[in-house]
Amino acid sequence: MIQVRELTKCYGGRVVVDGLTFTAPPGVVTGFLGPNGAGKSTTMRLIVGLERPASGTAMVDGVRYADLRAPLRSVGTMLDARSVHPGRTAFRHLMAVARTHGIPRSRVQEVIGLAGLESVAGRRAGTFSLGMGQRLGIAGALLGDPGTLILDEPVNGLDPDGVLWMRHLVRELAAEGRAVLLSSHLVHELALCADRVVVIGKGRLLADAALGDPALGEGSLEDAYLRLTAGSVEFRSGAARGGVR
Ligand SMILES: Nc1ncnc2c1ncn2[C@@H]1O[C@H](COP(=O)(O)OP(=O)(O)OP(=O)(O)O)[C@@H](O)[C@H]1O
C-alpha cells in the first residue's frame, strides 16, 4: 500500500508537487492521471526515494522507501524502462538485480516467462525495441514478488497484444491483493484496467475517486479527465486552442 501525505517538491523554487495526499490501497489498481508536467513521475520518484520532498511523507506499507530492508520484496517499480545497461542481456540484467536481494535464478526465469521474453532473454537489452524494453522493466518490477507496484506509463510502446497482456496482468496483480499505482495518458486504457483514479494538475490533487463515483461527474473517464484538468494543461497545441491559422 502507498500512502502519500501532504507531499511537496520544488525544483529551483518552483513547486511541482503541491501538498499531495492520496492512498493506493491493496487489491486495487489506482490509475494516476494528469497532463504533461503535472508531477506524476516526480511523485513516483518521491515515493521510491529517488527525490527528497520539501515537506510531507510518502510511505510504502507504513515505511519510508529508504527504510525498507528489502525494497524489491515490498515494492516493484518501473519508472524508466531504458535504465538498463545496454550491453547486458535481459537475463543477466535481471540476475544482477536479483542478486542484490538473494532472489534465486528460478524466479528470474519465472519473470522472464511472465513478461513473455523467453525468446529474447539472451539478447542484449540495448538491441530491444521500446515494447521489449517495457516488458523487461515489468519483469524487473515483479522479481521480488512485491505487494506494491509502481508503474510509470507501462503501456507506452506496447503493441495491441502487449496492451492486452498489461491490462490482464495489472488486474491479476490487484486480484492477488497487491496495490498497483499506474500512470498513463491513455485514459481509455485506464478506464478498462483501473478501479479508481487519482487525477493531478500542476502538482495538486484534482480528484481521488473510484471509477463510476458521482464525484467524477457524468460521461466517460475521458470526459471527467478533460473537465478536471481544463485549468491545469500547460502545453496546449495551437489546433486545440482553436484552429491552426
Ligand atoms: N530534475 C528536474 N529538475 C527540474 N525540473 C524538473 C525535474 N524533473 C521534473 N521537473 C519538472 O517538474 C514538473 C513535473 O514533471 P513530471 O515529469 O513529474 O511530470 P509528469 O506529470 O510525469 O509529466 P509527463 O506526463 O509529461 O511525463 C515539470 O515541470 C518538469 O519540467
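What counts, and at which threshold
- Residues numbered from 1 in each chain as written.
- Predicted model: local features only at pLDDT ≥ 70, side-chain atom pairs only at ≥ 80, totals over all residues.
- Heavy atoms only, no water.
- Helix = DSSP H or I, 4+ residues; strand = E, 2+ residues; numbered from the N terminus.
- Rg over C-alpha atoms; globule rule 2.2 N^0.38 Å.
- Buried < 20%, exposed > 50% of the residue type's maximum accessible area, 1.4 Å probe, protein only.
- Contact = heavy atoms within 4.5 Å.
- Areas by Shrake-Rupley, 256 points an atom, 1.4 Å probe, with all protein chains shown as cover.
- Lys, Arg positive; Asp, Glu negative; His and termini not counted.
- Charge placed at Lys NZ, Arg CZ, Asp CG, Glu CD.
- Pairing = 2+ DSSP bridges.
- Axes fitted to C-alpha atoms, helices over the stretch in contact; angles between N-to-C directions.
- 1 Å grid on protein atoms, 1.4 Å probe; cavity = no way out; pocket = protein on both sides within 12 Å on 5 of 7 lines; lining within 4 Å.
- Points joined across faces, edges and corners; volume = space filled by probe spheres on them.
- Nonpolar A, V, L, I, M, F, W, Y, C, P; charged D, E, K, R; others polar.

### Re the overall build of the chain
Thinking step 1. For the chain, the count of helices and strands is nine helices and nine strands.
Thinking step 2. Taking 18 Å as the expected radius of gyration for a compact globule of 245 residues, we find that the chain reaches 18 Å, a close match to that expectation.
Thinking step 3. Across the 245 residues that make up the chain, the buried fraction comes to 48%.
Thinking step 4. Pairs at least 24 apart in sequence give 67% of the contacts found in the chain among residues at least 6 apart.
Thinking step 5. When the accessible area of the chain is evaluated, it comes to approximately 11900 Å², of which 51% is carbon and sulfur surface.
Thinking step 6. Considering the chain, the positive charge centre built from 28 side chains and the negative charge centre built from 23 side chains are found 8 Å apart.

### Quick word on the sheet that holds strand β9 (residues 204–210)
Strand pairing in a sheet relies on backbone hydrogen bonds. The paired strands run either parallel or antiparallel.
Thinking step 1. Taken together, the six strands give an open sheet; going across it, the order is β5-β6-β7-β3-β8-β9, and neighbouring strands pair in mixed fashion. Only two strands of the sheet have a single partner each, and these edge strands are β5 (75–78) and β9. With strand direction ignored, the average angle separating the axes of adjacent strands in the sheet is 15 degrees.
Thinking step 2. The strands touched by helix α5 (residues 130–142) are β5 and β6 (148–152); relative to β5, the strand with the most contacts, the crossing angle is about 165 degrees.

### Digging into the environment of A81
Thinking step 1. As for its placement among the helices and strands, A81 is situated in the loop between β5 and α3 (90–99).
Thinking step 2. Residue classification places A81 among the buried residues on the basis of a relative accessible area of 16%.
Thinking step 3. A C-alpha to C-alpha distance of 8.6 Å links A81 and P154, two positions 73 residues apart in sequence.

### Some thoughts on the layout of surface pockets
Thinking step 1. In this model, the largest pocket occupies a volume close to 550 Å³.
Thinking step 2. L79, D80, R82, D152 and N156 are, among the 33 residues lining the largest pocket, the residues nearest its centre.
Thinking step 3. Secondary structure elements with two or more residues in the lining of the largest pocket: β2 (14–24), α1 (40–47) and α5.
Thinking step 4. If one sorts the elements of the lining of the largest pocket by residue count, α5 sits on top with four residues.
Thinking step 5. Grouping the constituent residues of the lining of the largest pocket by class yields 14 nonpolar, 11 polar and eight charged.

### Topic: the sheet that holds strand β4 (residues 55–60)
Thinking step 1. Sheet architecture is open: three strands sit in the order β2-β1-β4, paired in antiparallel fashion. Whereas interior strands pair on both sides, the edge strands pair on one side only; in this sheet they are β2 and β4. Averaged over all neighbouring strand pairs, the angle between strand axes comes to 25 degrees, with direction disregarded.
Thinking step 2. Sheet topology note: the strand β1 (residues 2–11)/β2 ladder contains seven bridges and is antiparallel. Across the sheet, the residue bridging to V4 is F22, located in β2.
Thinking step 3. Packing against the sheet, α1 makes contact with β1, β2 and β4, and its axis sits at approximately 115 degrees to β1.

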